[in-house]
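Descriptive structure summary
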Amino acid sequence: MRSFWGVFVRWMTPDLQDREVDEVSNKIYLINLFGWVGAGITLVLGVNAIFHQNLFLAGCLLLVSFAYLMVYVLLKVFNPENTYVYSASLILSVLCILMVYLVYTGGVANTGPLWIYLLPPVAMFFTGMKRGLVVVGVFTVVVWFMLLYRDGALLKASYPVEFKLRLLYSFLTVAFLSASYEFSRQVALRHFQRLNDQFQRQAQKDFLTDLLNRRGMMEAIEREYHRSRRFDHDMSLVLCDVDYFKRVNDQYGHEAGDYVLKRLASVLLEELRGQDQVSRWGGEEFMILLPETDASNAEYLAERLRLRVQQTIFEYNGQRIPVSISLGVCKADTNESVADVIREADKHLYMAKDSGRNKVVTKRR
Ligand SMILES: Nc1nc2c(ncn2[C@@H]2O[C@H](COP(=O)(O)OP(=O)(O)OP(=O)(O)O)[C@@H](O)[C@H]2O)c(=O)[nH]1
């Protein structure tokens, strides 16, 4: 039963290929739903009109039903992300024509004009506030003209003047409310997107050094790794660790330790090229990603960093703190996974530590 429902829903809805639920996918699903509901209702009304021998009305309604079905076909056959704008325009155009027709004929017992309130919310939601206002504006002018021109000479149905005026005033009120609602929705959406971007950035930043954190760097490495494989470019990693950092904390205090990490972060940033990326990998460890860099250039850069740190004066509260770093360098090979490359860089770092610290060790091939 469940799988039947799943197949049915999949058949009825456009394929968004696991796209995340967002404003666009939400719109696509609603346009599709609107198409189905519109096609269903107008089909029933069309068949009903055939039974009542009103063949002109039946023809119109069946045509509308077919047009709404095309909304689904457009979304299903073509890429919905490209065609949903056309589907929305189709829905709106057909809706406008249907509303004008209902105002013209009066529908059942002159209640046809009551359906025009559908237009403002649908127009605003499907096409946005500005375009929605244009559609509603043009529609209002057309209907206003039809209702007021020579005391209803353009209408098949006849309405009292009070009804016509109140219909237009209340329609404009609904249009204004729909536009305000759409405007607030857009403002809230933008605010939400800004917050989301901010959280995403924060989730990838290290609060102490303001560098990328391990999570942000992992993403950067994965991205670069796939790029370098695809275009057959070199890529290297340098893992760098402060020597005897525990002593810094013990001797000068934890705040001095924090100062060293921050200062070191800015020294590393100064030495690197714009395309390189540096992150705080954890504690007193920094991971550096070097795109388009082979092992000997990565080693050269690592050596330059080591020297630069050695020559930099780290001074906190008037006290000079001796700081040096050890670095493990590894160039990514095509047959290695990202985890392998990181493991290799880590292995070389510990070889640098074992061989006395303040050293660079590179994987040679
Ligand atoms: N001040 C400060 N200390 C940190 C931070 N993160 C980690 N540490 C300290 O860094 C020290 C790391 O010490 P160890 O792992 O023993 O390494 P080490 O003393 O640098 O020795 P080697 O790496 O072998 O040269 C620990 O004392 C941690 O408490 C931080 O954000 N701020």
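Residues numbered from 1 in each chain as written. Predicted model: local features only at pLDDT ≥ 70, side-chain atom pairs only at ≥ 80, totals over all residues. Heavy atoms only, no water.

Test applied: UniProt positions are given in the numbering used here, feature names are shortened, and annotations may be inferred rather than shown by experiment.
Looking at an unreviewed UniProt entry, one finds the protein named diguanylate cyclase, with Pseudomaricurvus hydrocarbonicus as its source organism. If you open the UniProt record of the protein and go to Catalytic activity (unreviewed entry), you find "2 GTP = 3',3'-c-di-GMP + 2 diphosphate". Recorded under Cofactor (unreviewed entry), the UniProt text for the protein is reproduced unchanged: "Mg(2+)".

**Details of the packing of helix 2 (residues 23-51) against helix 5 (residues 119-127)**
Working note: a packed helix pair is described by the angle between its axes plus the distance between those axes. As a reminder, the rule being used: With axes taken as lines fitted to C-alpha atoms, and helix axes fitted only over the stretch in contact, angles between N-to-C directions fall between 0 and 180 degrees. Only DSSP runs of H or I reaching four residues or more are called helices, and only runs of E reaching two or more are called strands; each is numbered from the N terminus. When an angle is under 35 degrees it counts as roughly parallel; over 145 it counts as roughly antiparallel; between 65 and 115 it counts as roughly perpendicular; any other value is oblique. Definitions for this section: a left-handed crossing has its near helix turned counterclockwise from the far helix by less than a right angle. A right-handed crossing has that turn clockwise. In what follows, a contact means two residues having at least one pair of non-hydrogen atoms within 4.5 Å. Under the scheme applied here, ten amino acids are nonpolar (Ala, Val, Leu, Ile, Met, Phe, Trp, Tyr, Cys and Pro), four are charged (Asp, Glu, Lys and Arg), and all others, including Gly, are polar.
Two elements in contact, helix 2 and helix 5, have axes separated by 10 Å at closest approach and are oriented at 140°. On the basis of their axis angle, the class for helix 2 and helix 5 is oblique. The chirality of how helix 2 crosses helix 5 is left-handed. Listed contacts from helix 5 to K27, L30, I31 and F34 of helix 2 are V122, F125 and F126. Looking at side-chain class alone, the contact of helix 2 with helix 5 contains 6 nonpolar, no polar and 1 charged residues.

**Details of the packing of aromatic side chains**
Convention followed: Any two of the Phe, Tyr and Trp rings considered here, Trp counted by its six-membered ring, make a pair once their centres fall within 6.5 Å; the pair's planes then place it as stacked at under 30 degrees, edge-to-face at over 60, or tilted in between. Note on classification: 1.4 Å probe, protein chains only; a residue is buried when its accessible area is under 20% of the maximum for its type, exposed when over 50%, partly exposed between these limits.
In the structure shown here, the tally under the stated rule is 10 aromatic pairs. Taking the centre distance of 6.2 Å and the plane angle of 80° together, the rings of F34 and Y68 count as edge-to-face. Within this pair, whereas F34 is found in helix 2, its partner Y68 is found in helix 3 (residues 55-77), the two being separated by 34 residues in sequence. Under the relative-accessibility criterion, F34 is labelled partly exposed at 22%. Take Y68: its relative accessible area is 3%, and that puts it in the buried class. Taking 4.7 Å as the distance between ring centres and 45° as the angle between the ring planes, the aromatic pair formed by W36 and Y72 counts as tilted. Residue W36 is located in helix 2, and its partner Y72 is located in helix 3; the two are separated by 36 residues in the primary sequence.

**Things to note about the side chain of T140**
When you line up the elements, T140 lands in helix 6 (residues 129-148). Of the residues examined, T140 reaches a relative accessible area of 9% and is grouped as buried. Residues contacting T140, with those up to four places away along its chain left out, are F171 and L172.

**A few points about the pairing of strand 1 (residues 235-242)**
Cut-off, in case you're wondering: Strand pairing is defined by DSSP finding a minimum of two bridges between the two strands.
Most of strand 1 is tucked away: 8 of the 8 residues are buried. Of the two faces of strand 1, the one carrying M235, L237, L239 and D241 and the one carrying S236, V238, C240 and V242 are both buried. The sheet contact formed by strand 1 and strand 3 (residues 285-291) spans 7 bridges and is antiparallel. In the sheet register, L237 faces strand 3, and the bridge partner there is L289. Pairing of strand 1 with strand 6 (residues 325-331), which is carried by 7 bridges, proceeds in the antiparallel orientation. If you follow S236 over to strand 6, its bridge partner there is K331.

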